[in-house]
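# Analysis of the macromolecular model
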Amino acid sequence: MERTCPECGDKIVGRADKKFCSDACRNAHNNSLNKDNKNLVRNINNRLRKNYRILEELNTEDKTKTTKSRLLRLGFSFEYFTSIYTTKSGSTYFYLYDQGYLQLDNDFYLLVKKDLK
C-alpha cells in the first residue's frame, strides 16, 4: 500500500511508521494545527517577558520606587502578571515570577524582588 503525505500528498518513502514525506511537511502540518493556540500563548508569554524585563531594569536594588507613568512609558502592561500575594494587612502585590510591585499612594509603585531560595 502506497502512503501519501497528509500535508503535500507526495509519496512517503522510508520507515513503515513515517507519517510525512519530510521534516518541512511535518513542521508545516503541526504548525497549522496549533497556530491559534500557539499565537495566543506566544503573545502572552512575550507580554510577560516584557513586563519582567521592565521590572528587572528598574529594580536593581531588589526594592525601589517608581511611578505609574514611568512604567507605562516603558510599555508595562498591568493586566499581565504571574501571581498575586496579599499580606495579612491587606496589601496586594502583583508578581512576574520573582519581580513584584505594590501600588502606593499618588501613582507610585514599590518594586520588590522575592527571594526564591
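Further up the page is the structure itself.
The present account deals with the structure reproduced in this document. Residues take numbers from 1 onward in each chain, read along the sequence in its written order. Owing to the predicted nature of the model, reporting of local features is limited to residues with pLDDT of at least 70; listing and counting of side-chain atom pairs is limited to 80 or more, with chain, interface and lining totals taken over all residues. Working from all heavy atoms in the structure, the side-chain values ignore hydrogens and water.

### Concerning the sheet that holds strand 2 (residues 83-86)
If you trace the five strands from one edge of the open sheet to the other, you get 1-5-4-3-2, paired in antiparallel fashion. The strands lining the two open edges of the sheet, one partner per strand, are strand 1 (63-67) and strand 2. Shown here is a sheet whose adjacent strand axes are inclined to one another by a mean of 30°, direction ignored. Note: two strands are recorded as paired if DSSP finds a minimum of 2 bridges between them. Helix and strand definitions here come from DSSP, where helices need a minimum of 4 consecutive H or I residues and strands a minimum of 2 consecutive E residues; each element is numbered from the N-terminal end. Pairing geometry for strand 3 (residues 92-96) and strand 4 (residues 99-103), over four bridges, is antiparallel. Bridged to Tyr93 within strand 4 is Leu102. Between N-to-C directions, angles span 0 to 180 degrees; the directions come from axes that are lines fitted to C-alpha atoms, helices contributing only their stretch in contact.

### So, the side chain of Asn59
If you trace the backbone, Asn59 turns up in the loop between helix 1 (23-58) and strand 1. Side-chain polar atoms of Asn59 contact the side chain of Gln99, separated by 3.3 Å. For Asn59, the side chain forms a polar contact with the main-chain oxygen of Val112, separated by 3.3 Å. By definition in these notes, contact holds between two residues if any of their heavy atoms fall within 4.5 Å. Ignoring anything within four residues of it in the chain, the contact list for Asn59 reads Thr64, Gln99, Leu111, Val112 and Lys113. Distance and chemistry together define a polar contact, namely a pair of N or O atoms within 3.5 Å, with one atom able to donate a hydrogen and the other to accept it when in protein, and with adjacent residues in sequence counting only for side-chain atoms on both sides.

### Side note on the nonpolar core
Here, nonpolar core means buried Ala, Val, Leu, Ile, Met, Phe, Trp, Tyr and Cys residues that are tied together by side-chain atoms lying within 4.5 Å of each other. In this scheme, a residue with accessible area under 20% of its type's maximum is buried, one over 50% is exposed, and one in between is partly exposed, where area comes from a 1.4 Å probe on protein chains only. The biggest cluster of nonpolar side chains holds eleven residues, and these are Leu48, Tyr52, Ile54, Leu55, Leu58, Leu71, Phe76, Leu96, Tyr101, Tyr109 and Leu111. Every element with two or more residues in this core is listed here: helix 1 and strand 5 (108-113). Considering each element in turn, this core owes the most residues, five residues, to helix 1. In this view, Leu111 contacts Leu55, Leu58, Asn59, Asp62, Lys63, Thr64, Thr66, Gly100 and Tyr101; residues no more than four positions away in its chain are not counted. Tyr93, Tyr95, Leu102 and Leu110 belong to the second largest nonpolar core, which has five residues in total.

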